[in-house]
Amino acid sequence: MAVARRKPLQSRQVGSLLFLCVSLAGAATIRYSVAEEMESGSFVANVAKDLGLEVGKLAARGARLVSQGNKLHFRLHRKTGDLFVKEKLDRESLCGKADPCVLHFEIVLVEPLQSFRAEVRVFDINDNAPIFPNKEPLLKIPESTPLGSRFPLQSAQDLDVGLNGLQNYTLSANTYFHLHTRFRSHGPKYAELVLDKPLDREVQPEVNLTIMAVDGGSPPKSGTAHIRVEVLDVNDHVPQFPRLVYRAQVPEDSANGSLVATVTATDLDEGSNKEVTYSLAQNPEAILQTFQIDSETGEIRLRGPLDFEAIETYDIDIQATDGGGLSAHSKVLVEVVDVNDNPPEVMVSSVSSPLPEDAPLQTVVALFSIRDRDIRVGGKITCFLKEDLPFAVKPTFRNSYSLVTDRGLDREEVSGYNITLVATDTGPPNLSTEIVIEVLISDINDNPPVFQEDAYILTVRENNSPAVFIGKVHAEDLDLGENAQVTYSLLPPKSGDLSVFAYISINSDNGKLYALRTMDYEAIQDFQFVIKATDGGFPSLSSQVTVRVVVLDDNDNRPMILYPLQNGTLPCSDLMPRSAEAGYLVTKVVAVDGDSGQNSWLSYHLLKATDSGLFSVQQQNGEIRTLRQISQRDPMVQKLIILVQDHGQPALSTTASLNILLVDGFSEPFLQLQDPSKHPTRVNPSTKYLVISLAVLSFLFLLSVTMISIIHVYQKIKYREKITVQEHFYDDCNFPNHRVQGGAKGSLSQPCPYEMCSATGTGTSEFRFLKRFMPNFPFPPGTGEGKTEAGSSLPLRNRSQGLEDHARVSDDYM
């Protein structure tokens, strides 16, 4: 046998050889190359020089290596710029059979940030010899084998690549075979033994050969295997089957390992040539996965499941082989018996989803068909719904059905249905299938917005800032999407006057209400209007709600002094006899407050007095009384300053000033002239002073009456104009006529008559307070004033009448 010879390769010193290739062109990638198996710390290249950087720049700029893989195989000395091998490189473990073997990494400079791509190609060295997986293969070749027969041998494996990989095979010298090397498109070369000389078992029953695989390294490496060729005796009888065809029936639900059939074959040879083995040769993969045969007994058993619906019969080729290698064939026809092992199959062809909630009855929702693969044994198929839903199953034609609506739909109650269809056969046994069809219900605009409350009551404090938030209305719409988008709006009054829009504003998106102007409790206590909520559907639906706004009183009015009159020039004066006892009623301070409730409750306090121990002021009604008897040492003119304060938060107050003149006599006997015959020439000084005082008081009284009358007339005209404008606005806006409660509590609970008389008690002079001075003061019980029914109140426009009463009371008092 000829042995292929190879030209000697140029020797290389692998341990110290280093291939270096630097490329800075193209994509700016630095390329290096090293040989595998270099020791850790071996020098690769100077990176700083290749990058054009000075020594030490790498350390200054924080250079580091970033591997594109999971492991970094190199390390960088940043001070010198040298690149070293981190650990020994094994090209076969890094890249396997891939060639070239390239390791990629990046050189990253931090300050400033800059990155350079680099790659190192690892060259292969001849460090692996070819290896045969089977060191002692066995070939059995009959002695009657013709010349030129070829026998493929196993390939040797060489982990190296290129010239260092497997290159050739050689065979030891012999007279029976020569070696022929062949190539594969993918994979290593392999060798074939070619028979050159006839074999004769009687001359040489066994031939031993040695095959050598050689690579192309320098020096080359090789691997060997020992081939043992066993020459077989000639077998001149083949096995014989008693039948050419076997038949068997097997239920499709038979378990694995069930016996299907048993075949037998006999051989007339002797010895090993008589021993027959059975196999399923030359059969499709489906048969090999379904059946298996006992090689000694010929029993055919199930290996995998049977399915009548997939394959009804199997044609199995049975091969019987004797010890000499001769074989015979027979067939086994296996008929699969159908059983009811397949549930009905439901196939949905179309589904109408989403479905409008106003869909009429008998609307087709889905179309589906049902098939039973066990048509021979499955029997009749029935179909029904698993749950009580507003749907029904309606047959259309053979094995085809439609799902239709059976009752009305309401998306607000159920937004979607998971309809479970059940299809069952009659068996036996009964098998069924369930399938779920999801049907969504689409919304239509069939629900108007609904307010959370039947009516809203909101409050706003008077003197509010413009555009202040006073409350919110909210309406829910059970529909979906645009049908549920609610828009709010103010409805104009029935009278058609749109002036309400200048006072109240609403956010159309969220229903928030704002007071556009400042409210005045003294002008209006509450009012109401109508809000409309409209959804975004087509056609749109709407609902209305009434909103009542209650104005809360704020303590913004100071108490007003009605008596004693405060004209800004001279305080009012009252007379009091020096003979008055302790507890004597001197006068009464009368004041009113334009606010209501607690803000109008008044209290009276003595702020300053000539003699604080002489007089006291009743806190509730403002009565001024003496604390002790008058003495001759008390000054004739007592000056008092009374503080009138309401109970609001914060409290407001005003002061009243008056003078009390202490006189010796304050009755008719005191006024009679003394007998001139008894006192012809002497005039009492106190009488002269008294006359002067009376003259001054009379003048001041007349002046005060004139000024107050003018003021009252002016206020009356101004107030009527204001009431006329306000009434016009609120009447057009359908605001209720708020009335002052008849049972309201003011500072004057009832009219109290007071008398101021002289020491002799003649009672010829008195003053009374019989009328209210402001309209929000209640009528006292038993005074004879007209009242409405319980809980009723006077309208706002009666306030002008109250002012007139006020003027009359003041005139009566004066």
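Residues numbered from 1 in each chain as written. Predicted model: local features only at pLDDT ≥ 70, side-chain atom pairs only at ≥ 80, totals over all residues. Heavy atoms only, no water.

A.B. asks: Please set out the overall build of the chain residue by residue, giving values where relevant.
C.D. replies: When helices and strands are counted, the chain shows seven helices and 51 strands. The buried share of the chain, reckoned over its 814 residues, is 41%. In the chain, of all internal contacts separated by at least 6 residues, the share reaching a separation of at least 24 is 67%. As displayed, the chain offers around 44,400 Å² of accessible surface, 53% of which is attributable to carbon and sulfur atoms. (Helix = DSSP H or I, 4+ residues; strand = E, 2+ residues; numbered from the N terminus. Buried < 20%, exposed > 50% of the residue type's maximum accessible area, 1.4 Å probe, protein only. Contact = heavy atoms within 4.5 Å. Areas by Shrake-Rupley, 256 points an atom, 1.4 Å probe, with all protein chains shown as cover.)

A.B. asks: Quick rundown of the pairing of strand E47 (residues 653-663)? Include the residues and the values.
C.D. replies: For strand E46 (residues 637-646) and E47, the ladder comprises nine bridges, and the chain directions are antiparallel. The residue of E47 that forms the bridge with Leu-640 is Leu-658. Connecting the antiparallel pair E46 and E47 is a turn made up of six residues. (Pairing = 2+ DSSP bridges.)

A.B. asks: Now, about the sheet that holds strand E2 (residues 43-46): what can you tell me, with residues and values included?
C.D. replies: What holds strands together in a sheet is hydrogen bonding between their backbones, with the strands either parallel or antiparallel. One open sheet holds the three strands; their spatial order is E2-E5-E4, and the pairing between them is antiparallel. Among the strands making up the open sheet, the edge pair consists of E2 and strand E4 (74-77). When strand polarity is set aside, the average angle formed by the axes of neighbouring strands in this sheet is 25 degrees. Sheet topology places E2 next to strand E5 (residues 82-85); three bridges connect them, and they run antiparallel. Residue pairing in the sheet places Ala-45 in a bridge with Leu-83 of E5. (Axes fitted to C-alpha atoms, helices over the stretch in contact; angles between N-to-C directions.)

A.B. asks: Would you mind going over a nonpolar patch on the surface in detail, with residue names and values included?
C.D. replies: Taken together, the side chains of Tyr-689, Ile-692 and Val-696 present a nonpolar region at the surface, about 290 Å² in accessible area. Position of Val-696 relative to the elements: it lies in helix H6 (residues 685-732). The exposure class of Val-696 is partly exposed, given its relative accessible area of 40%. (Patch = residues over 30% accessible without salt bridge, like charges linked within 9 Å, V, L, I, M, F, W, Y side chains within 5 Å. Salt bridge = Lys/Arg side-chain N within 4 Å of Asp/Glu carboxyl O.)

A.B. asks: I'd like a rundown of the environment of Glu-206, residues and numbers included.
C.D. replies: Checked against the element boundaries, Glu-206 lands in strand E13 (residues 206-215). When its relative accessible area of 30% is taken as the criterion, Glu-206 is described as partly exposed. Along the primary structure Glu-206 and Val-229 are separated by 23 residues, whereas in three dimensions their C-alpha atoms are 5.5 Å apart. Among the polar contacts made by the side chain of Glu-206, one reaches the side chain of Arg-228 at a distance of 3.0 Å. (Polar contact = N/O pair within 3.5 Å; in protein donor to acceptor, adjacent residues only side chain to side chain.)

A.B. asks: For the pairing of strand E19 (residues 299-302), give the residues involved together with the corresponding values.
C.D. replies: A one-sided burial pattern is seen for E19, the buried positions being Ile-300 and Leu-302 and the unburied ones Glu-299 and Arg-301. Where strand E16 (residues 259-262) and E19 come together, three bridges link them in antiparallel fashion. Bridge pairing in E19 places Leu-259 opposite Arg-301. Counted between consecutive antiparallel strands, the loop separating strand E18 (residues 291-293) from E19 contains five residues, among which Gly-298 sits at a positive phi close to 80 degrees.

A.B. asks: Lay out the pattern of salt bridges with the relevant residues and their values.
C.D. replies: Taken as a whole and judged by the stated rule, the model has 19 salt bridges. Here Arg-31 ties to Glu-119 by a salt bridge, and the two come within 2.9 Å at their closest N and O atoms. Remark: Glu-119 occurs in strand E7 (residues 114-123) and Arg-31 occurs in strand E1 (residues 29-35); sequence separation between them is 88 residues. Overall, the relative accessible area of 16% leaves Glu-119 in the buried class. In this structure, Lys-88 engages Glu-39 in a salt bridge whose closest nitrogen and oxygen atoms are separated by 3.3 Å. In this pair, Lys-88 is assigned in the loop between E5 and helix H3 (91-95) and Glu-39 in the loop between E1 and E2, connecting sequence segments 49 residues apart. Accessibility expressed as a relative area gives 48% for Glu-39, which makes it partly exposed.

A.B. asks: Can you lay out the environment of Leu-179 for me, pointing to particular residues and giving the numbers?
C.D. replies: Position of Leu-179 relative to the elements: it lies in strand E11 (residues 177-182). With 29 residues separating them in the primary sequence, Leu-179 and Arg-150 have C-alpha atoms 9.5 Å apart.

A.B. asks: Describe the packing of aromatic side chains, listing the residues and the values that go with them.
C.D. replies: For the coordinates displayed, the defined rule picks out ten aromatic pairs. Between Phe-451 and Tyr-456 the ring centres are 6.3 Å apart and the planes differ by 75 degrees, which places this aromatic pair in the edge-to-face class. We note that Phe-451, like Tyr-456, is buried. Site record: aromatic cluster; members linked through ring pairs are Phe-451, Tyr-456 and Tyr-488. The ring of Phe-469 carries the charged tip of Lys-512 above its face, separated from the ring centre by 5.9 Å. For the cation-ring pair, Arg-517 lies above Tyr-503, with the distance from its terminal atom to the ring centre recorded as 4.5 Å. (Phe/Tyr/Trp six-rings, centres within 6.5 Å; stacked < 30°, edge-to-face > 60°. Lys NZ or Arg CZ within 6 Å of the ring centre and 35° of its normal.)

A.B. asks: Please give an account of the confidence of the model for the chain that cites residues and values.
C.D. replies: On average, the chain scores 78 in pLDDT, and the residues at 70 or more come to 80%. Every residue in residues 1-27 is under pLDDT 50, and counting partners more than four places away or in other chains gives 43 contacts. Residue range residues 723-814 is modelled with pLDDT below 50. Its contacts to residues more than four positions away, or to other chains, number 172 contacts. (pLDDT = per-residue confidence, 0-100.)

A.B. asks: If you had to explain the sheet that holds E19 to someone new, which residues and values would you point to?
C.D. replies: Taken in spatial order, the three strands make up an open sheet running E16-E19-E18, and their pairing is antiparallel. Edge positions in the open sheet fall to E16 and E18, since each of these has one partner strand only. The average undirected angle you get between the axes of adjacent strands in this sheet is 25 degrees. In this sheet, E19 lies alongside E18 in antiparallel orientation, the contact comprising three bridges.

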